Amino acid sequence: MNLILSLVVGTLFAGGIFLVLRRSVVKLILGLVLLSHGAHLLIFLMGDGLVKARTPFVRAETGVAPPDSADPLVQALILTAIVISLGLLTFVMALAYRADQAVGSDNLDDMTSTDQL
Amino acid sequence: MAHHLFLPLIVPLVSAGVATIISGRRFWARVIAVAATLFNLGYSVWLLATIAATGRQVTQAGGWAAPFGITLMADGLSAIMLLLTALLTLATIMFSLATLDARQERFYYYPLLLLLMFGCSGAFLTGDLFNLYVWFEILLVASFGLITLGGSRAQLEGGLKYVALNLFGSLCFLVGAGLVYGVAGTLNMAHLAERLNAIQEPTLVTAVAGFFLIAFGSKAALAPLFFWLPTSYHTPSIAVTALFGGLLSKVGIYALYRVFGTVFQSELGRLAPLILAVAGVTMVVGVIGAMAQINVRRILAFHIVSQVGYMAMGLGLASVAGLTAGILFMAHNIVVKTALFLIGGAAEHLTGTGDLKQLGGMARREPFLAVLWLLASFALVGIPPLSGFFGKLGLIQAGVAQEQWLIVAVAAGVSLFTLFSMLKIWNEVFWKKAYSDMSRLPRAGAGLLAPAVILVAVSIAMGLGAAPALEYSAFAAEQVFDAAGLARDVCGANGCDAVELAVAR
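Residues numbered from 1 in each chain as written. Chains lettered and ligands numbered in written order. Predicted model: local features only at pLDDT ≥ 70, side-chain atom pairs only at ≥ 80, totals over all residues. Heavy atoms only, no water.

Now for the overall build of chain A. A count of helices and strands for chain A gives three helices and zero strands. The N-to-C order of helical and strand elements in chain A reads α-α-α. Computed over the C-alpha atoms, the radius of gyration of chain A is 20 Å, more than 25% above the 13 Å expected from 2.2 N^0.38 for a compact globule of 117 residues. Projected onto its principal axes, the C-alpha positions of chain A cover 65 × 25 × 25 Å. Looking at chain A as a whole, 36% of its 117 residues qualify as buried. Accessible area of chain A: about 6900 Å², with a carbon and sulfur share of 67%. Each charge class in chain A was averaged separately, 7 positive and 9 negative side chains, and the resulting centres sit 7 Å apart. (Helix = DSSP H or I, 4+ residues; strand = E, 2+ residues; numbered from the N terminus. Rg over C-alpha atoms; globule rule 2.2 N^0.38 Å. Buried < 20%, exposed > 50% of the residue type's maximum accessible area, 1.4 Å probe, protein only. Areas by Shrake-Rupley, 256 points an atom, 1.4 Å probe, with all protein chains shown as cover. Lys, Arg positive; Asp, Glu negative; His and termini not counted. Charge placed at Lys NZ, Arg CZ, Asp CG, Glu CD.)

Written out as structure tokens, the structure is:
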């Protein structure tokens, strides 16, 4: 399971970086989406090891976690990160739409008016 | 438990909410924004004095015991940054009262400004690495809104690059935070510092530290990750540019100081040559870029890059002396940079252009503005007894003490070029004869000048009171490096590992 997830993370990062390096704004955004999913899964992998069908909760009677319970912190971290990246990517999409309207092109090479002297 | 640490976060957040609801009534939105900023200013002065008297202030969010919950902590560096954040926000609001058009004000300008202050304050107060990521995103969202407020073509283009590159930097931060949790099993900064110093796999920790260097380096606009800054910072309204120029890149520097000074202390020595090299390149590239520009705000934007290099040099020297000078230089630069943006922006607001070729004759027309510019730019260059001198002197002394001759030579040489481009603006905007008839242009009112006057006065006070400022910076730098003391303050006398072991039993 760990191996499969690692491969998925690697593929997401590779695809994301490939797309980010393209000239189109849409591909840039898709690349950022892939990269953020890669980062979320990577955090998931960083917990105490993946365990199947285990809860991340503490036993009420003893107050300690069962020995092979899931790591709750990585789940909390991913949840936070997903919400944040969802919000930010929504903003980027709206911004890209407005920029596309203003510039009349999806090509980043046409968006150089702020770079010139 | 210092529960008062929540106040500088709650007050801006609640006022941002109220200001959003009543954004139709501009007067009350302004009153609320000014009141919240004044509260944060007063609070941070009090916090600064409290920390100087009694040491670190620590509290736990939600009452969770130390290494498990989210820690809020304030030491000398946090207090300085909190104070400067509130001061800059106040100056920005004052300037925007005089310059901003009503449409932008109605479009939730004050709520966004308050949320930016909220995010920055949170980033300076948090003691948890993942929580720092969250605060970074909060301030980024607010800055995205501010930088595109107005929706002109230049703003959308510059904003898109700003947003995309900052998101990429944030992802690096997120990956780094995930990896460090995998390596050390904790995200509390005090606990991390304890664990990382004990971990037996130094190469793995170095690789993780590299992610943080990239993430914060791109936020702080260190070479070669600075390209988003000069393409976007001159596009929003002047007040926003001034706030961003003074504050935002320094949040990245603050994070570098905190993460590499405290958490990755064991890696700082290993990465120091790299940080120094990056700092040197940043200084040179920034100042060369500034020389090529012919627009006031763009010159100043490139200078941000150049001066961030000095702050990174303070970290790269990896000593208390270096960090002391770095903190002093950063505090001075935050104030002076914003003052310069506001003065140059005042000239731009009056004449309608920031192009050096079209400007001229402002010294005769606005002598007071010219004097302010001269004082602020001399402070930026580092002419004694103005504030920039002592920070730069400290950096160079620390460099000489460690025999880092190359970086010392670069730092001294870049100052000369900084003087050159400051004089270029002086010559073109203030000194040379105006080509067009300027007599019909409006005069600078008190509202336009007041924020710059306040900031220049603070800068002069920092120069005249250099001894106490230096003393406090040294106090702050020692606290940054004092990881053992931090673990004691956050988790109790035996440190964080002891708490965790006790709970596991």
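Still more ground to cover, so stick around.
With that settled, consider helix H16 (residues 387-401) of chain B. All names here are of chain B. An ideal rise of 1.5 Å per residue puts 21 Å on 15 residues; H16 measures up with 22 Å between its terminal C-alpha atoms. Those residues of H16 that sit buried are Ser-387, Gly-388, Gly-391, Lys-392, Gly-394, Leu-395, Ala-398 and Gly-399. Taken down its axis, H16 places every buried residue within 155° of arc, on the same side. Contacts from the buried residues of H16 go to helix H12 (296-316), helix H13 (320-351), helix H15 (367-381), helix H17 (405-431) and helix H18 (446-464). Where H16 ends, the next residue or the one after it, Glu-403, has phi of about 60°, a positive value. (Expected span 1.5 Å × (residues − 1). Arc of directions from axis to C-beta. Contact = heavy atoms within 4.5 Å.)

On to the packing of H15(B) against H18(B). Residue and element names in this part refer to chain B. Contact geometry of H15 with H18 gives a least axis separation of 10 Å together with a crossing angle of 35°. Along this stretch, H15 crosses H18, giving a crossing that reads as left-handed. Where H15 abuts H18, its residues Phe-368, Leu-369, Leu-372, Leu-375, Ala-376 and Ala-379 lie against Leu-449, Ala-452, Val-453, Val-456, Ser-459 and Ile-460. (Axes fitted to C-alpha atoms, helices over the stretch in contact; angles between N-to-C directions. Left-handed = near helix turned anticlockwise from the far one by under 90°.)

Further remarks concern the interface of chain B and chain A. Listed as interface residues are 38 residues of chain B and, on the opposing side, 39 residues of chain A. For the pair chain B and chain A, the summed buried area comes to about 3200 Å², and 77% of that belongs to carbon and sulfur atoms. On the chain B side of the contact with chain A, Leu156(B), Leu160(B) and Tyr181(B) bury the most area, a combined 20% of that side's loss. For the pair chain B and chain A, the interface holds zero salt bridges. Put simply, chain B and chain A have four residue pairs in polar contact (both at pLDDT 80 or more) between them. Put simply, the parts of the chain that give the side of chain B that touches chain A at least two residues each are helix H5 (129-147), helix H6 (153-184), helix H9 (228-232) and helix H21 (496-504) of chain B. A per-element tally of the side of chain B that touches chain A places H6(B) first, with 19 residues. In terms of residue class, the side of chain B that touches chain A is built from 22 nonpolar, 11 polar and five charged. (Buried area = accessible area lost by both parts, 1.4 Å probe. Salt bridge = Lys/Arg side-chain N within 4 Å of Asp/Glu carboxyl O. Polar contact = N/O pair within 3.5 Å; in protein donor to acceptor, adjacent residues only side chain to side chain. Nonpolar A, V, L, I, M, F, W, Y, C, P; charged D, E, K, R; others polar.)

Further remarks concern the nonpolar core. Leu132(B), Tyr162(B), Phe212(B), Phe244(B), Phe260(B) and Phe264(B) are the most contacted members of the largest nonpolar core, which has 219 residues in total. Excluding anything up to four places from it in sequence, Tyr162(B) contacts Leu140(B), Ser143(B), Phe144(B), Ile147(B), Trp228(B), Ser232(B), Tyr233(B), Phe244(B) and Leu248(B). (Core = buried A, V, L, I, M, F, W, Y, C linked by side-chain atoms within 4.5 Å.)

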